[in-house]
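Below are the chains, spelled out letter by letter.
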Amino acid sequence: MQEVTVADDEQVQATQPDGTRRRRHLAWFGGAGVLAVAAIGYVGACYHYKDTIAGGTTVAGRSIGGMTMEQASRQVSGLPGPGAQQQATVTADGQKFAFEPSSAWKPDVARTLDGVTGFSLSPTRLIHHISGDGGAVTPRYTVDEAALARLVKSSAGTSIKGAPTQGKVKFMNGEVVVVKGAPGKSVDEKAVAKDVAEHWPGTTAYTTKLVDKQADATQDAVTAFAAGDAKKAMSEPLQVKANGETVTMKPSDVSEVISSDTDAHGKPSIKVDADALLAHVLERSTDMQNDIATDAKVVWKDGKPSVQPGKAGQQIDASKVQSVVAAALTGNHVANLPMKPMQPQVTEKDINVSSLPTTSMAHFESKLPGGAENAARTHNIETALATLNGMVVRPGEQFSLLRALGYSLTKEKGYVEAGTLQGGIHVDGMGGGVSQVSTVLYNTAFFAGVQLDEHTPHDVYIDRYPMGREATLWNPGVDNTWTNDTGHLILIKAGTSGNKVVMDFYGTRQYDVSTKTGPKTDVVQPKQRTVKDVKGCENSVGNGTPGFQVDVWRTLKKGSNVVRTDKIHTKYQPDDIITCVGSS
């Protein structure tokens, strides 16, 4: 049959050389041309998507779809360890203790993201890019068994009866106090750590034996440390210098931020709580942190957007605080904290004003208290909102409200003193009122469905805010952070409208968001309280406010599928009826 067909074709072609034969060649070339164009288009599409991750791709419930590898790396590096917030229970000869192992696991970014970008001719990957259905990527981790062993040892040491008493030095109110050590029984922390590393989180209950254990440091070593470095550390004030500023810490202040630690060879040394020390000095000298980087942002003139450039800055290198301060305490008591360069997170090249998002993902409003008595407060709120207006958050980037506002709220930045709530006491403070901006930002992020990272509610409930859904702010140490996990840029618009604070996130919404607030529980009535010698203390007006606890749930849905439900628990203290004595 095949030969006959060929012969017939040849005969036809021979008798009609300028007719059918030409049409067949044209058809063949035309078909080949179409295929070639299709192939080129396919390859071009694959190349177009090579540097971005397919939409809808998630890692451990966090969206990385639409991100570049750099953006996704930031997102993955912040993943909690496996079994986060779960406890491992260890039973040793009838005694039990529990600890949370997950912090010993760190995300392996390279292995987790291997293959999610790059040039590929895979039809499946191209379909995922086009459809936005990238699917779930399994996170990979590495475990630090030494860190895991320290967690085991610490928990066992406080829970096992008859555990060794660790000889150490305590620093209390500027004095050196020696705690004598003694041997005892505990677990082999390295063996337990190895067992947990191999089986967590599939296994949460572990069994081992108690073994004889010595204190980490001999009494002679502890005594020598107390008479030497520890005594020297408490012998005079510590001068902490950074960025041309100096804060002097009395020995009693220093004792609040240091402790003793023993290394693997049984040698005691000074351990510095870097976060606590920085909190102390920055609260007393905002100028130590007045030269931070600022991000590029969008500004509008006559309704037209343009880019306001960012600028580089510097900040204290927190990684050097331990070594620098420990050396100063055993030396000349002058700690020169080194600064390190700080670059803007967002630069001009990150913002294309011709393609800014125009769809609001979330909108939130909060009523401003009126009256002349709140004028200073309103001024501070408007100052902070002007700073936030036009800021952009790149995909995979964490937004920090403290960083966005430049950490310190100073007169030079336009802030004034207004009412604040500090430890349940109403006092004036620089930048008072900005916590309302923090609350509005938190709620806008909440309803935008982005990843909520850190927030701190007020000590007492303020009824103009949503119950269990509000956030304060304080420099240093109390921040409000969230991560843009949408895969697209987010533009913040913020300001006032009439007597309201208003805020919008413009971008691409990933989830539908719903929320539910539970009832008040564990209600505690306010009491009369006298506060002595607190500068700026204000007497309470009214009968105080009860304290209580409340739960709020946020549910994220994609279509009809529930992606995640977050539970936020808040405990409010009673707003006591304060009488100020001896304050000015």
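Our subject in this report is the structure included herewith. (Residues numbered from 1 in each chain as written. Predicted model: local features only at pLDDT ≥ 70, side-chain atom pairs only at ≥ 80, totals over all residues. Heavy atoms only, no water.)

### What about the pairing of strand β35 (residues 561-572)?
For a regular strand, side chains alternate in direction, first toward one face of the sheet and then toward the other.
Alright, step 1. In terms of strand pairing, strand β34 (residues 547-558) meets β35 through 11 bridges, oriented antiparallel. Looking across to β35, one finds that Asp551 is bridged to His569.
Alright, step 2. What sits between the antiparallel neighbours β34 and β35 is a turn of two residues, in which Gly559 has the positive phi angle 65 degrees. (Pairing = 2+ DSSP bridges. Helix = DSSP H or I, 4+ residues; strand = E, 2+ residues; numbered from the N terminus.)

### So, the side chain of Asn484
Alright, step 1. As for its position among the elements, Asn484 is in the loop between β28 (481-483) and β29 (490-497).
Alright, step 2. Within the local environment of Asn484, its side chain forms a polar contact with the side chain of Thr486, the two groups lying 2.7 Å apart.
Alright, step 3. Once residues within four sequence positions are removed from consideration, Asn484 is found in contact with Met67, Val393, Arg394, Pro395, Gly396, Glu397, Leu489 and Ile490. (Polar contact = N/O pair within 3.5 Å; in protein donor to acceptor, adjacent residues only side chain to side chain. Contact = heavy atoms within 4.5 Å.)

### So, the packing of aromatic side chains
Alright, step 1. A complete count under the given rule lists eight aromatic pairs for this structure.
Alright, step 2. Centroid distance Tyr461 to Tyr572: 5.4 Å. Interplanar angle 55 degrees. Geometry classified as tilted. Remark: Tyr572 occurs in strand β35 and Tyr461 occurs in the loop between β27 (451-454) and β28; sequence separation between them is 111 residues.
Alright, step 3. Assessed through its relative accessible area of 3%, Tyr572 is described here as buried.
Alright, step 4. Measuring from centroid to centroid gives 5.1 Å for Phe548 and Tyr572, while their planes differ by 55 degrees, and the two rings are tilted. (Phe/Tyr/Trp six-rings, centres within 6.5 Å; stacked < 30°, edge-to-face > 60°. Buried < 20%, exposed > 50% of the residue type's maximum accessible area, 1.4 Å probe, protein only.)

### Notes on helix α12 (residues 375-388)
Alright, step 1. Given a rise of 1.5 Å per residue, 14 residues ought to cover 20 Å, and the 20 Å separating the end C-alpha atoms of α12 matches this to within 8%.
Alright, step 2. Considered for burial, the residues of α12 that qualify are Arg377, Thr378, Asn380, Ile381, Thr383, Ala384, Leu385 and Leu388.
Alright, step 3. Residues of α12 that are buried in the fold lie against β24 (398-400), α13 (401-404), β25 (417-422), α14 (434-448), β29 and β30 (500-506).
Alright, step 4. Downstream of α12 by one or two residues, Gly390 has phi in the positive range, about 95 degrees. (Expected span 1.5 Å × (residues − 1).)

### Some words on the sheet that holds strand β20 (residues 334-336)
Paired through backbone hydrogen bonds, the strands of a sheet run either parallel or antiparallel to each other.
Alright, step 1. One open sheet accounts for three strands, arranged β14-β13-β20; its pairing is mixed. Each edge of the open sheet carries a strand with a single partner, namely β14 (245-249) and β20. Averaged over all pairs of adjacent strands, the angle between their axes in this sheet comes to 20 degrees, without regard to strand direction.
Alright, step 2. Inspection of the sheet shows strand β13 (residues 238-242) paired to β14 by five bridges, in the antiparallel sense. Note on β14: the bridge partner recorded for Lys241 is Thr246.
Alright, step 3. Contacts from helix α11 (residues 321-329) reach β13 and β20 within the one sheet, and its direction differs from that of β20 by about 160 degrees. (Axes fitted to C-alpha atoms, helices over the stretch in contact; angles between N-to-C directions.)

### A few points about the packing of α12 against α14
Alright, step 1. It is at 8 Å that the axes of α12 and α14 come closest, and there the two elements cross at 45 degrees. As summarised for this structure, α12 and α14 are arranged oblique, according to the angle between their axes. Residues Arg377, Asn380, Ile381, Ala384, Leu385 and Leu388 of α12 lie in contact with α14, whose contacting residues are Val434, Gln436 and Val437. (Parallel < 35°, antiparallel > 145°, perpendicular 65-115°, else oblique.)

### As for the pattern of salt bridges
Close approach of charged atoms allows side chains with opposite charge to pair.
Alright, step 1. Under the criterion given, the structure shown has 17 salt bridges.
Alright, step 2. In this structure, the salt-bridge partner of Arg564 is Asp566, at a minimum N-O distance of 3.0 Å.
Alright, step 3. Taken together, the salt bridges that share partners define one network made up of Asp350, Arg394 and Glu397. (Salt bridge = Lys/Arg side-chain N within 4 Å of Asp/Glu carboxyl O.)

### Notes on the layout of surface pockets
Alright, step 1. Of the pockets and cavities examined, the second largest pocket occupies roughly 1200 Å³.
Alright, step 2. Every residue lining the second largest pocket is counted, 37 residues in all, and those nearest its centre are Lys153, Gln166, Asp216, Asp261 and Thr262.
Alright, step 3. For the lining of the second largest pocket, the secondary structure elements donating two or more residues are α6 (145-159), β8 (168-172), α7 (189-199) and β15 (258-262).
Alright, step 4. Examining the composition of the lining of the second largest pocket, we find that eight residues originate from one element, α6, more than from any other. (1 Å grid on protein atoms, 1.4 Å probe; cavity = no way out; pocket = protein on both sides within 12 Å on 5 of 7 lines; lining within 4 Å. Points joined across faces, edges and corners; volume = space filled by probe spheres on them.)

### Points about α7
Because an α-helix completes one turn every 3.6 residues, residues spaced three or four positions apart along the sequence face the same direction.
Alright, step 1. Buried within α7 are the following residues: Glu189, Val192, Ala193, Val196 and Ala197. Taken end-on, α7 shows its buried residues confined to a sector of 135 degrees, consistent with a single buried face. Exposed residues on α7 whose side chains face more than 90 degrees from its buried face are Lys190 and Glu198. (Arc of directions from axis to C-beta.)

### Section: the environment of Thr439
Alright, step 1. Note that Thr439 resides in helix α14.
Alright, step 2. The spacing of Thr439 and Pro466 is 27 residues in sequence and 8.8 Å in space, taken between C-alpha atoms.

### Observations concerning the nonpolar core
Most often, soluble globular proteins have nonpolar side chains that are buried together.
Alright, step 1. Counting residues in each nonpolar core, the largest one holds 36 residues, and the members touching the most others are Leu388, Phe399, Leu405, Trp482, Ile492, Met503 and Phe505.
Alright, step 2. Of all elements in the fold, only β22 (360-367), α12, α13, α14, β29 and β30 reach the threshold of two or more residues within this core.
Alright, step 3. No other element matches α14, which puts six residues into this core.
Alright, step 4. Excluding anything up to four places from it in sequence, Met503 contacts Ala362, His363, Phe364, Leu385, Leu388, Val440, Leu441, Thr444, Ile492, Lys493 and Ala494. (Core = buried A, V, L, I, M, F, W, Y, C linked by side-chain atoms within 4.5 Å.)

### Considering the pairing of strand β16 (residues 268-272)
Alright, step 1. Note: β15 against β16, five bridges, orientation antiparallel. Looking at β16, one finds that Thr262 is bridged to Pro268.
Alright, step 2. In this structure, the hairpin formed by β15 and β16 is closed by a connection of five residues, where Gly266 is found at a positive phi of approximately 80 degrees.

### Comments concerning the sheet that holds β27
Alright, step 1. The sheet built from three strands is open, its strands ordered β24-β28-β27 with antiparallel pairing. Unpaired on one side and paired on the other, β24 and β27 mark the two borders of the sheet. Within the sheet, the average angular offset between the axes of one strand and its neighbour, ignoring direction, is 25 degrees.
Alright, step 2. Across three bridges, the pairing between β24 and β28 is antiparallel. Across the sheet, Gln398 pairs through a bridge with Thr483, a residue of β28.
Alright, step 3. Across the sheet, α14 is in contact with β24, β27 and β28; its angle to β27 comes to roughly 145 degrees.

### Let's talk about the packing of α6 against α7
Alright, step 1. Remark: α6 packs on α7, axes separated minimally by 8 Å, with the N-to-C direction vectors making an angle of 120 degrees. Compared by their axis directions, α6 and α7 come out oblique. Where α6 crosses over α7, the handedness of that crossing is right-handed. Listed contacts from α7 to Glu145, Leu148, Ala149, Val152 and Lys153 of α6 are Glu189, Lys190, Val192, Ala193, Lys194, Val196 and Ala197.
Alright, step 2. Classifying every residue of the contact of α6 with α7 gives seven nonpolar, no polar and five charged. (Left-handed = near helix turned anticlockwise from the far one by under 90°. Nonpolar A, V, L, I, M, F, W, Y, C, P; charged D, E, K, R; others polar.)

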